[in-house]
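Examining the three-dimensional arrangement
Below, each chain spelled out in residue letters.
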Amino acid sequence: MHYQLVLILLLVLFLMLFNFQMAPQVRAIFFTSFIFIQVYLGNAQTFIHSKAAYYPNSEEKGTDTGACGFGTFGATINGGDVSAASDLYRDGLGCGACYQVRCTNSNYCSDNGVTIVITDHGASGGTDFILSQRAFGRMAQTKDAAASLLSLGNVDIEYRRVSCSYPSKNITIKIDESSDNPYYLAFVIWYQQGKTDITAVQLCETQNFVCKLLDRTRGAVWTSSSPPRGPLQIRMLLSTDDGDETWIVPVNNIPENWKAGETYDSGIQVD
């Protein structure tokens, strides 16, 4: 039963009972329970039906040439439970987002499915996801069921967005190998957390705190053709599906002598 209908029925029941003789304590308990159920059901995001395939010619984990620009990190993050996405890629905005994906064939599929991270762009046969072979198999109940799923290649699924969680990791800045200090800076953001999108990035010099908005050139890659000198601060605008926006400021700066290929810990986590 759809959760909105459940809420309506509970509200009707509450109003009916409210009109009867009821001890204040019982009435308070019933009202508190109603509010709790409303909050719980309201936060339950409905699954969306679609299809998924898997990378047929890749290793068990993801690809290190994904469109998000994560490189080898994009193949191994989340234990290799990663995916390419079609519409959910959103011109790179969807890079780093997490989804719970579960197949619907009760003969093979588990109830929980698998949680994946978007690291690439692609579609095949009307799919929303092209999973790594590892992630595709992890939707199954058993190892034998995983082999059966892989033999199908393209399966019906349902999915919903969930929070990304990396308990032992802070948001990390990876300087792209194409960067050239001090003339050109390109980077990607690792360990994007929570259920938010990084919709804008500012690059700030740390002496006068003059900031400029950066361009998203491809996937999750942000660039500046003339980065400021000295230590740098990278600020990120996090946006939710509800339209809430929050600028987050890292604890740690990028050092003046930053180097291509290096990673720098921001010192922050986001719930």
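What comes next is a walk through the structure.

What counts as what
Residues numbered from 1 in each chain as written. Predicted model: local features only at pLDDT ≥ 70, side-chain atom pairs only at ≥ 80, totals over all residues. Heavy atoms only, no water. Helix = DSSP H or I, 4+ residues; strand = E, 2+ residues; numbered from the N terminus. 1 Å grid on protein atoms, 1.4 Å probe; cavity = no way out; pocket = protein on both sides within 12 Å on 5 of 7 lines; lining within 4 Å. Points joined across faces, edges and corners; volume = space filled by probe spheres on them. Nonpolar A, V, L, I, M, F, W, Y, C, P; charged D, E, K, R; others polar. Domains from an automatic or database assignment. Disulfide = S-S within 2.5 Å. Buried < 20%, exposed > 50% of the residue type's maximum accessible area, 1.4 Å probe, protein only. Phe/Tyr/Trp six-rings, centres within 6.5 Å; stacked < 30°, edge-to-face > 60°. Pairing = 2+ DSSP bridges. Contact = heavy atoms within 4.5 Å. Axes fitted to C-alpha atoms, helices over the stretch in contact; angles between N-to-C directions.

1. A few points about unusual backbone geometry
Here the residue pair Asn181 and Pro182 is connected by a cis peptide bond, since its omega of 5° sits within 30 degrees of zero. With respect to the secondary-structure elements, Pro182 resides in the loop between strand 7 (172–175) and strand 8 (185–190). Not every positive phi belongs to a glycine, and Asp91 is a case in point at roughly 55°. Looking at the element boundaries, Asp91 is found in the loop between strand 2 (82–85) and strand 3 (98–103). Non-glycine residue Phe209 carries a positive phi angle of around 55°. Looking at the element boundaries, Phe209 is found in the loop between strand 9 (197–205) and strand 10 (211–213).

2. A few points about empty space enclosed by the protein
Within the structure shown, the criterion is met by 3 cavities of 30 Å³ or more. Reported here for the largest cavity is a volume of approximately 80 Å³. Looking at the largest cavity, the residues that line it are Phe70, Gly92, Leu93, Cys95, Ile189, Gln192, Ile198, Arg216, Ala220 and Trp222. Tallied by class, residues from the lining of the largest cavity come to 7 nonpolar, 2 polar and 1 charged. Each of two domains, domain 2 (48–161) and domain 3 (172–265), supplies a minimum of three residues to the lining of the largest cavity.

3. Details of the state of the cysteines
Counted under the stated rule, the structure contains 4 disulfides. Sulfur-sulfur distance for the disulfide between Cys98 and Cys164 comes to 2.0 Å. Its torsion about the S-S bond being 115°, the disulfide of Cys98 and Cys164 is classed as right-handed. Within this pair, whereas Cys98 is found in strand 3, its partner Cys164 is found in the loop between strand 6 (155–162) and strand 7, the two being separated by 66 residues in sequence. Judged by relative accessible area, Cys164 falls into the buried class, the value being 5%.

4. Details of the packing of aromatic side chains
In this structure the tally under the stated criterion is 9 aromatic pairs. Ring plane angle 75° and centroid distance 5.9 Å describe the contact between Phe70 and Phe73, whose orientation is recorded as edge-to-face. Look at Phe70 and you get buried, because its relative accessible area is 7%. Arranged with centres 5.2 Å apart and planes meeting at 85°, the rings of Phe73 and Tyr191 form a pair that is edge-to-face. Of this pair, Phe73 sits in helix 3 (residues 73–76) while Tyr191 sits in the loop between strand 8 and strand 9, and the two are 118 residues apart along the sequence. Look at Tyr191 and you get buried, because its relative accessible area is 15%. Among the aromatic residues, those joined into a ring-pair cluster are Phe70, Phe73, Tyr166, Trp190 and Tyr191.

5. Focus on the pairing of strand 2
Across the two faces of strand 2 the burial is the same, with Val82 and Ala84 and Ser83 and Ala85 all buried. In this structure, strand 2 lies alongside strand 4 (residues 114–121), joined through 4 bridges in parallel fashion. For Ser83, the partnering residue across the bridge sits in strand 4 and is Ile118. Of the pairings in the sheet, the one linking strand 2 to strand 5 (residues 129–131) comprises 3 bridges and is antiparallel in character. Its bridge partner lying in strand 5, Ala85 is registered against Phe129.

6. Considering the environment of Ile268
Inspection of the secondary structure assignment puts Ile268 in the segment after strand 15 (263–265). In this structure, the C-alpha to C-alpha distance between Ile268 and Lys169, residues 99 residues apart in sequence, is 8.7 Å. Aside from chain neighbours lying at most four places away, what touches Ile268 is Asn170, Ile171, Gln193, Ile248, Val249, Pro250 and Val251.

7. Details of the sheet that holds strand 1 (residues 48–54)
Judged by pairing direction, the barrel is mixed, and its 6 strands sit side by side in the order 1-5-2-4-3-6 before closing back on the first. If you compare each strand with its neighbour and ignore which way they point, the axes differ by 45° on average. With 3 bridges joining them, strand 1 and strand 5 adopt parallel strand pairing. The partner of Ala52 across the bridge, within strand 5, is Phe129.

8. Brief notes about the pairing of strand 3
Of all 6 residues in strand 3, 5 are buried; the element is thus mostly enclosed. As paired elements, strand 3 and strand 4 share 4 bridges and run antiparallel to each other. If you follow Cys98 over to strand 4, its bridge partner there is Val117. Bridge count for strand 3 against strand 6 is 6 bridges, and the pairing is antiparallel. Across the sheet, Cys98 pairs through a bridge with Val162, a residue of strand 6.

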